Amino acid sequence: MPRAPPTEPWTDEHTLALLRSLVSLTLTSRAHLYALPALATQSGNGGDRINKHLLALLRATAVGTGVDGAEGVVSEAIATGRKRKAEVVKAGKADKPRNKAPKAPKRPAKGKQQVKLEVKEEEEEEVDELENEEE
């Protein structure tokens, strides 16, 4: 089925939407980029060097569009990304959403001596029961 021709002309808003999607997809796929064999020699320090070059390329692409507001698209995408541990700690535990039910307290681990005592007590109880039955 043939596609209908576009009904409105391409605008800067369309370019910004496409640019935001491109930046978002690229940033979420960084792990795949770090694993490329061609970049293996540059992946030291957690891929920081690759990340810096990637961000520079994305910023250059954004500026190269010539659209007003495109310069900040990469910075916006980074700022709206996941929170870092320090930010979560500052927010406090009350601000964290609770997805799980509270855990039950852990029981103390039983050592060999504790197990032997319990077995001995059980045996003594059984002997007492047998003696009570005989009387």
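The coordinates are above.
Residues numbered from 1 in each chain as written. Predicted model: local features only at pLDDT ≥ 70, side-chain atom pairs only at ≥ 80, totals over all residues. Heavy atoms only, no water.

(A) Just the overall build of the protein chain, in detail. On a plain count of helices and strands, the protein chain comes out with 6 helices and 0 strands. What you see in the protein chain, going N to C, is helices and strands ordered as α-α-α-α-α-α. Evaluated residue by residue, the protein chain yields a buried proportion of 13% over its 135 residues. A sequence separation of at least 24 residues applies to 50% of the contacts in the protein chain between residues at least 6 apart. (Helix = DSSP H or I, 4+ residues; strand = E, 2+ residues; numbered from the N terminus. Buried < 20%, exposed > 50% of the residue type's maximum accessible area, 1.4 Å probe, protein only. Contact = heavy atoms within 4.5 Å.)

(B) Region of the structure containing the nonpolar core. In terms of nonpolar packing, the biggest core is built from 12 residues, these being Leu16, Leu19, Val23, Leu27, Leu54, Leu55, Leu58, Ala62, Val67, Ala70, Val73 and Val74. Mapped by element, the contributors of at least two residues to this core are α1 (12–28), α3 (44–64) and α4 (73–79). Beyond its immediate sequence surroundings of up to four residues, Leu54 is in contact with Thr26, Arg30 and Leu33. (Core = buried A, V, L, I, M, F, W, Y, C linked by side-chain atoms within 4.5 Å.)

(C) Representation of the pattern of salt bridges in the model. Per the stated rule, a full pass over the model turns up 2 salt bridges. The residue Glu76 makes a salt bridge to Arg20 at a minimum N-O spacing of 3.9 Å. Placement of Glu76 in helix α4 and of Arg20 in helix α1 is noted, with a sequence separation of 56 residues between them. A salt bridge links Lys52 to Asp48, with the shortest nitrogen-to-oxygen separation between them at 3.4 Å. Of the two residues, Lys52 and Asp48 are both situated in helix α3; the distance of 4 residues between them amounts to about one turn of the helix. (Salt bridge = Lys/Arg side-chain N within 4 Å of Asp/Glu carboxyl O.)

(D) Quick peek at the side chain of Thr26. Here Thr26 lies in helix α1. Of the polar contacts made by the side chain of Thr26, one reaches the backbone oxygen of Leu22; its length is 2.7 Å. The contact partners of Thr26, leaving out residues within four places of it in the chain, are Leu33, Leu54 and Leu58. (Polar contact = N/O pair within 3.5 Å; in protein donor to acceptor, adjacent residues only side chain to side chain.)

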